[in-house]
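Here is how the chains run, residue by residue.
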Amino acid sequence: MLYFGGFFGLITFGLWLFCLVDVITSDDGDIRHLPKVTWLLIVLFFPLVGSIAWLAAGRPPRAHSRPRAYERNTPAYPEYDRPGRFAAPDPAADEEFLRRCRERAEEQRRKARGDGGSTAG
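Computed from a predicted model, the values in this text were never measured in an experiment.

Rules and cut-offs
Residues numbered from 1 in each chain as written. Predicted model: local features only at pLDDT ≥ 70, side-chain atom pairs only at ≥ 80, totals over all residues. Heavy atoms only, no water. Helix = DSSP H or I, 4+ residues; strand = E, 2+ residues; numbered from the N terminus. Buried < 20%, exposed > 50% of the residue type's maximum accessible area, 1.4 Å probe, protein only. Contact = heavy atoms within 4.5 Å. Axes fitted to C-alpha atoms, helices over the stretch in contact; angles between N-to-C directions. Core = buried A, V, L, I, M, F, W, Y, C linked by side-chain atoms within 4.5 Å. Patch = residues over 30% accessible without salt bridge, like charges linked within 9 Å, V, L, I, M, F, W, Y side chains within 5 Å. Areas by Shrake-Rupley, 256 points an atom, 1.4 Å probe, with all protein chains shown as cover. Salt bridge = Lys/Arg side-chain N within 4 Å of Asp/Glu carboxyl O. Phe/Tyr/Trp six-rings, centres within 6.5 Å; stacked < 30°, edge-to-face > 60°. pLDDT = per-residue confidence, 0-100.

When you line up the elements, S51 lands in helix α3 (residues 47-58). Here S51 falls in the buried class, since its relative accessible area comes to 0%. With residues near it in sequence (within four places) discarded, S51 still touches L15, W16, C19, V43 and F46.

Dropping the structure here:
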């Protein structure tokens, strides 16, 4: 009977540790029902019940993450799917940004060549 208690304790500790790390690393906006700090305190002070409650009611769904604002939605380029990756909300704004970047780059090249803005033929 002591072996079962030790094994159960080890499983409980593993579950508690997993849930504790999961609460800490979860994004604040994705956690369900309670604030992140509250879930952290519940899991920290009530290891078994808090961990089960976290898995059942608080853990964010991981199946299909929806793109956040200004995030690209291109599966062919997974490096652009990172959270926080900026993408223009509309193609016109993107083109305008790229046009300004090209103009600024050309101006910097002219200054580096010493043209001073004049175009020699």
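At a closest axis distance of 6 Å, the pairing of helix α2 (residues 36-45) and α3 adopts a crossing angle of 145 degrees. Contacts from W39, I42, V43, L44 and F45 of α2 reach α3 at P47, G50, S51, A53, W54, A57 and G58.

This brings us to the nonpolar core. Counting residues in hydrophobic clusters, the biggest one holds 8 residues: W16, C19, L20, V23, I31, W39, V43 and W54. When contributions to this core are tallied by element, the ones reaching two or more residues are α1 (2-25) and α2. Counting residues per element, this core draws most heavily on α1, which supplies 4 residues.

In this section: a nonpolar patch on the surface. Together, F8, V37, L41, L44, F45, F46, L48, V49 and I52 line one region of the surface with nonpolar side chains, adding up to about 880 Å² of accessible area. Mapped onto the nonpolar patch, the elements with two or more residues apiece are α2 and α3. Broken down by element, the residue count for the nonpolar patch peaks at 4 residues, all from α2. Mapped onto the elements of the fold, F46 is located in the loop between α2 and α3. For F46, a relative accessible area of 52% corresponds to the exposed category.

How two aromatic rings sit relative to each other is given by the distance of their centres and the angle of their planes. The tally for this structure, following the rule as stated, stands at 2 aromatic pairs. Arranged with centres 5.9 Å apart and planes meeting at 40 degrees, the rings of F13 and W16 form a pair that is tilted. With F13 and W16 both in helix α1 and 3 residues apart, this pair spans about one turn of that helix. The exposure class of F13 is partly exposed, given its relative accessible area of 46%.

Averaged over all residues, the pLDDT of the chain is 77; the fraction at 70 or higher stands at 68%. Averaged pLDDT values for the elements of the chain fall to 81 in α1 and rise to 90 in α2.

This part is about unusual backbone geometry. Even without being glycine, H33 reaches a positive phi, approximately 70 degrees. Tracing the sequence through the fold places H33 in the loop between α1 and α2.

Right, let's talk about the pattern of salt bridges for a bit. When the charged atoms of two side chains lie near each other, side chains of opposite charge can form a pair. Under the counting rule described, the total for this entry stands at 6 salt bridges. One salt bridge in this structure joins D22 and R59, with 2.5 Å as the shortest N-O distance. Of this pair, D22 sits in helix α1 while R59 sits in the loop between α3 and α4 (91-113), and the two are 37 residues apart along the sequence. Salt bridges linked by common partners bring E96, R99 and E103 together as one network.

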